[in-house]
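Each chain, written out:
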Amino acid sequence: MALSGAPGCRAGERGPRWRRPWKLLALGLLSASSVLAAAPGAGAMSREEKRRLGNQVLEMFDHAYSNYMEHAYPADELMPLTCRGRVRGQEPSRGDVDDALGKFSLTLIDTLDTLVVLNKTKEFEEAVKKVIKDVNLDNDIVVSVFETNIRVLGGLLGGHSVAIMLKEKGEYMQWYNGELLHMAKELGYKLLPAFNTTSGLPYPRVNLKFGVRHPEARTGTESDTCTACAGTLILEFAALSRFTGTSIFEEYARKALDFIWEKRQRSSNLVGVTINIHTGDWVRKDSGVGAGIDSYYEYLLKAYVLLGDDSFLERFNTHYDAIMRYISQPPLLLDVHIHKPMLNARTWMDSLLAFFPGLQVLKGDIRPAIETHEMLYQVIKKHNFLPEAFTTDFRVHWAQHPLRPEFAESTYFLYKATGDPYYLEVGKTLIENLNKYARVPCGFAAMKDVRTGSHEDRMDSFFLAEMFKYLYLLFADKEDMIFDIEDYIFTTEAHLLPLWLSTTNQTISKKNTSTEYTELDDSNFDWTCPNTQILFPNDPMFAQSIREPLKNVVDKSCPRGISRAEDSLGSGPKPPLRARDFMASNPEHLEILKKMGVSLIHLKDGRVQLVQHAVQAASSLDAEDGLRFMQEMIELSSQQQKEQQLPPRAVQIVSHPFFGRVVLTAGPAQFGMDLSKHKAGTRGFVAIIKPYNGCSEITNPEAVKDKIALMQRGQCMFAEKARNIQKAGAIGGIVIDDNEGSSSDTAPLFQMAGDGKNTDDITIPMLFLFNKEGNIILDAIREYEAVEVLLSDKAKDRDLEMDNMDQKSSENDSHKPNSEEAPSESQDAGAVSEEPEGGGESSGVGDPDPLSPASTDSASVSMADEDPHASGPTEASALEPAHTPGDSQPQEQNTQTEANSKAHWDSKVQPMESILADWNEDIEAFEMMEKDEL
């Protein structure tokens, strides 16, 4: 059976203008039954098991959605650890991540069409009425154009699409009169001022009330945007134009796409990560398929499917050819430089590229899709979730996981394309891991660190919009759906747009005749309408045969051919100097640096500072080499610092009613018991010491003996606190930050250093909690006198009340060390010895690296973006403080914040009694559901 219903369709043979046959291609669908029938020995999952897993997905969605509506609505998002809504301006800033929040009930709008996909039509009708009645789009707030488009505009259009479908069926939504579409049009007009640039590329942010560059707008000064930010508009804007008959939206989105295409690097046909919206110059010249570029490629192919414009397919094919030539190194997808595509720009990959196998299925290139997906699955099996970034040898690079849905998306598409029940088992693993590690009483919490299992007080709207949609569709049969999913195409936020829009209100010329396209002689493009006989040539074990060599790719060395740099040694010019090879004492290396415009400055403290002036380079190509060298040196220097740091630890509340489901990120100590070498950790009830600062002899030793002591930071050294509680008989200690509102969500990891003396006498474990996390334990003590916690290097399985309660903490020393060594830390950590009462902090960090690069070039060295779709260069300084309070996003640099900034979260926390009352019934249901799995 053909994926599109047109098995003979080749590139260049366009046939009919994308009617019904293209519906299947639009969703990457293939009859699963036809493949399974050909493979009776493939171990197909029973219908009963699929039904059970589908019902489990529904229960999980109900848990997340009901908690948002009960504890957060009308706020934009739910904070699942503190059971309240995230309101922008009332919480500590998270930087660019907060640009998605516009005080427009983001999660509810983003979830509208998910309700219909999950057959919750009554809930959908109620939700639409709430959106119409409550949501205000005229707020004086600066939001991301990209996020607002894909989540809010896409959510409104997806909601409208399924609303009119339900109305036509005659049972639901009979009162509906296009209200969501009217709101979408209003929002579209509010986004249009962002396009007021000479290039047609939009500003990255816009004020919903005042637009851009208005005196009160507080935006419009930006000069850069990411490629995905400007190139992921065409589906929503074109759909808005087709629904309303107002062509201006589609025109603006097309102009932005046309400009990016014209600015591609012509020799490689690649695009960079960030671009200047006024000049069109590439600001970040590395290229990949992950953060910053990802959905640009996705929208080129899907715009061709939805709008029937050949030029979009031709552009996509041109880019895809370049991706497979340079970026694809199966099973890896590694960033390269657009001007020198044979040179890798990174040694790590970000999690957003997990969408790409799904896009390859839609394109019909199934082999590399299977390979990359299998590699990602092996990483997930190692860490339970896909880290935000991981290295080419599969170590954690950025440890966060905000419950992203891209891997589930690709799993769904691969199952629909292959019918292989293996992908149902993959989906089952995703469900089990979400319930086991991310589920908390008030929803699902993002993972702060996949290595420790600690949580972040965050449940993004895309979790409800995408994750449950893809998981439910993975296990649903056609008869389980109330409408034909093949009639729709998914946006990048998984919103549904009907394919009949391709023939509605066509006011735009479909062919861009001003652009030349490269003739591509590549077998990738022989078949634009994939067919089972091509994808799987009469071999039902085809997908398995591709996966098999990758089964141990994470645990063993990845079989790789000769690297591109090594391959280039045989002929041609000598490869440029790499940061890892540089020696300051080598005259030849110094001469190469001079040629690249890089100079050395010897500092008084013995360090060497590197500075690049692009105008001093011998040529433009040498300047490019110099910029790349500086970027590599920054990463190398950062990595060296991280290797000296300890990884985060976990504090897990294991007593009733938490039962291990709440895990708090804790900072380690450079003294005392090393929890990474004690597999069982230290478990015990907590006790508040007197005096609370722990700086003198403990006056309530009877309450502290054999307990884990809680104390406040300040007034003496951490080591002194540890000695005092150890003398009182404590088996461990937790130091709680005295800075009101501090949180691991917004501050870098904190390490407690010693006092400059020998600390071998301290044998108990000591951990540090920021104020917000510490208050979670203190609130629990106020409600329940007996609160038991587990101190460990990594969170243990939930429902710890099922463990043997007789296990004593005193037995910890007898346990074997943990053989799995934690990878290098991904966040900056300040190691401080504790401040005296005066407030000063003494650094416990070792001597700085001998090399610390800096850039004074106008196009300064750019480090990893704080948000996957954020942009902007960052200078690298030679002098870095040992401890910098500030924002700690998945990145290699931190944004400083005011050290004493106050947060309002604590004043809005619900009483523990009311929260727990809501939890009890859910906890019982969850225990029943998981008893066989845990």
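Residues numbered from 1 in each chain as written. Predicted model: local features only at pLDDT ≥ 70, side-chain atom pairs only at ≥ 80, totals over all residues. Heavy atoms only, no water.

Caption draft 1: Spatial organisation of the overall build of the protein. Within the protein, the regular secondary structure consists of 26 helices and 34 strands. When burial is assessed residue by residue, the protein has 63% of its 934 residues classed as buried. Of all intrachain contacts in the protein linking residues separated by at least 6 positions in sequence, the fraction that spans at least 24 positions is 75%. When the accessible surface of the protein is summed, it comes to about 34,600 Å², and 49% of that surface belongs to carbon and sulfur atoms. (Helix = DSSP H or I, 4+ residues; strand = E, 2+ residues; numbered from the N terminus. Buried < 20%, exposed > 50% of the residue type's maximum accessible area, 1.4 Å probe, protein only. Contact = heavy atoms within 4.5 Å. Areas by Shrake-Rupley, 256 points an atom, 1.4 Å probe, with all protein chains shown as cover.)

Caption draft 2: Layout of the pattern of salt bridges. Evaluated as defined, the whole model comprises 47 salt bridges. Beyond isolated ion pairs, a larger network of salt bridges with shared partners links E77, R94, D98, E147 and R151. (Salt bridge = Lys/Arg side-chain N within 4 Å of Asp/Glu carboxyl O.)

Caption draft 3: A look at the packing of helix α10 (residues 248-262) against helix α12 (residues 310-327). Where α10 meets α12, the axes come as close as 12 Å, and the angle between the chain directions of the two elements is 35°. Considering only the axes of α10 and α12, their crossing is left-handed. On α12, the residues that touch R254, L257, D258 and W261 of α10 are F312, R315, T318 and H319. Taken together, the residues that form the contact of α10 with α12 break down as three nonpolar, two polar and three charged. (Axes fitted to C-alpha atoms, helices over the stretch in contact; angles between N-to-C directions. Left-handed = near helix turned anticlockwise from the far one by under 90°. Nonpolar A, V, L, I, M, F, W, Y, C, P; charged D, E, K, R; others polar.)

Caption draft 4: A look at the sheet that holds strand β5 (residues 224-226). Read from one edge of the open sheet, three strands run β5-β6-β7, paired in antiparallel fashion. Pairing within the sheet leaves two strands with one partner each, and these edge strands are β5 and β7 (282-284). Neighbour-to-neighbour, the strand axes of this sheet turn through a mean angle of 35°, independent of strand direction. Note that strand β6 (residues 274-276) and β7 share two bridges and pair antiparallel. Its bridge partner being in β7, I275 is matched across the sheet by W282. (Pairing = 2+ DSSP bridges.)

Caption draft 5: Just the packing of aromatic side chains, in detail. A full pass over the atoms with the stated rule returns 33 aromatic pairs. Look at F463 and F468: their rings are 4.8 Å apart centre to centre, the planes differ by 65°, and that puts the pair in the edge-to-face class. F468 carries the same exposure label as F463, and that label is buried. Between F750 and F770, the ring centres sit 6.5 Å apart and the planes meet at 75°, which makes this aromatic pair edge-to-face. In this pair, F750 sits in strand β28 (residues 749-752) while F770 sits in the loop between β29 (766-769) and α25 (771-783), placing the two residues 20 residues apart along the sequence. The exposure class of F770 is buried, given its relative accessible area of 8%. (Phe/Tyr/Trp six-rings, centres within 6.5 Å; stacked < 30°, edge-to-face > 60°.)

Caption draft 6: Expanded view of the state of the cysteines. Applying the stated criterion across every chain, the model contains three disulfides. Note that C83 is cross-linked by a disulfide to C442, the S-S spacing being 2.0 Å. Here the disulfide of C83 and C442 is right-handed, its torsion about the S-S bond being about 105°. Residue C83 is found in the loop between β1 (77-79) and β2 (84-86), and its partner C442 is found in the loop between β15 (439-440) and β16 (443-444); the two are separated by 359 residues along the sequence. For C83, a relative accessible area of 0% corresponds to the buried category. Overall, the relative accessible area of 0% leaves C442 in the buried class. Regarding the disulfides, the protein carries the connectivity 1-4, 2-3, 5-6 under sequence-order numbering of its bonded cysteines. (Disulfide = S-S within 2.5 Å.)

Caption draft 7: A look at the nonpolar core. Grouped together as the largest cluster of nonpolar side chains are 180 residues, with contacts concentrated most on F124, I234, L434, F444 and F468. For this core, the element with the most residues is helix α6 (residues 145-169), which contributes eleven residues. Listed in part, the 24 residues of the second largest apolar core include F658, A780, I781 and V787. (Core = buried A, V, L, I, M, F, W, Y, C linked by side-chain atoms within 4.5 Å.)

Caption draft 8: Spotlight on unusual backbone geometry. The peptide bond linking Y73 to P74 adopts the cis configuration, its omega dihedral lying at 10°. Within the element layout of this structure, P74 appears in the loop between α3 (47-71) and β1. Omega for the peptide link from K690 to P691 comes to 0°, which places this bond in the cis form. Mapped onto the elements of the fold, P691 is located in the loop between β25 (682-688) and α23 (701-704). One non-glycine residue, S105, adopts positive backbone phi at about 50°.

Caption draft 9: View of the sheet that holds strand β13 (residues 389-391). Judged by pairing direction, the sheet is antiparallel, and its three strands sit side by side in the order β12-β13-β14 without closing on themselves. Each of the sheet's edge strands pairs with one partner strand only, and the pair in question is β12 (348-350) and β14 (396-398). When strand polarity is set aside, the average angle formed by the axes of neighbouring strands in this sheet is 30°. Strand direction decides the pairing type here: β13 and β14, joined by two bridges, are antiparallel. Each residue of the ladder has a partner; that of A389, found in β14, is W398.

Caption draft 10: Representation of helix α5 (residues 121-134) within the structure. For α5, built from 14 residues, the straight-helix expectation of 20 Å at 1.5 Å per residue is met to within 8% by its first-to-last C-alpha distance of 20 Å. Listed as buried for α5 are T121, F124, E125, A127, V128 and V131. Along the axis of α5, the buried positions cluster into a sector of 165°, meaning they face one direction only. Facing away from the buried side of α5, by more than 90 degrees, are the exposed residues K122, E126 and K133. Next to the buried residues of α5 lie α3, α4 (106-117), α6 and α7 (179-191). (Expected span 1.5 Å × (residues − 1). Arc of directions from axis to C-beta.)

Caption draft 11: Broad picture of the side chain of D737. In this fold, D737 is placed in the loop between β27 (732-736) and β28. A residue is classified by how much of its surface remains accessible, and D737, at 4% relative accessible area, is buried. Within polar-contact distance, the side chain of D737 engages the side chain of S742 at 2.8 Å. Excluding residues that lie within four positions of it along the chain, D737 makes contacts with R713, S742, F768, L769, F770 and N771. (Polar contact = N/O pair within 3.5 Å; in protein donor to acceptor, adjacent residues only side chain to side chain.)

Caption draft 12: Quick peek at α10. Between its terminal C-alpha atoms α10 stretches 21 Å, which fits the 21 Å expected from 15 residues at 1.5 Å a residue. Here α10 has its buried residues at F249, E250, A253, R254, A256, L257, F259, I260 and W261.

Caption draft 13: Inspection of the environment of L464 at higher detail. With respect to the helices, strands and loops of the structure, L464 is situated in helix α17 (residues 461-475). Overall, L464 belongs to the buried group, its relative accessible area being 0%. With 402 residues separating them along the chain, L464 and D62 place their C-alpha atoms 9.9 Å apart. Residues in contact with L464, not counting those within four places in the same chain, are F61, A64, Y65, T107, T111, T114 and M459.

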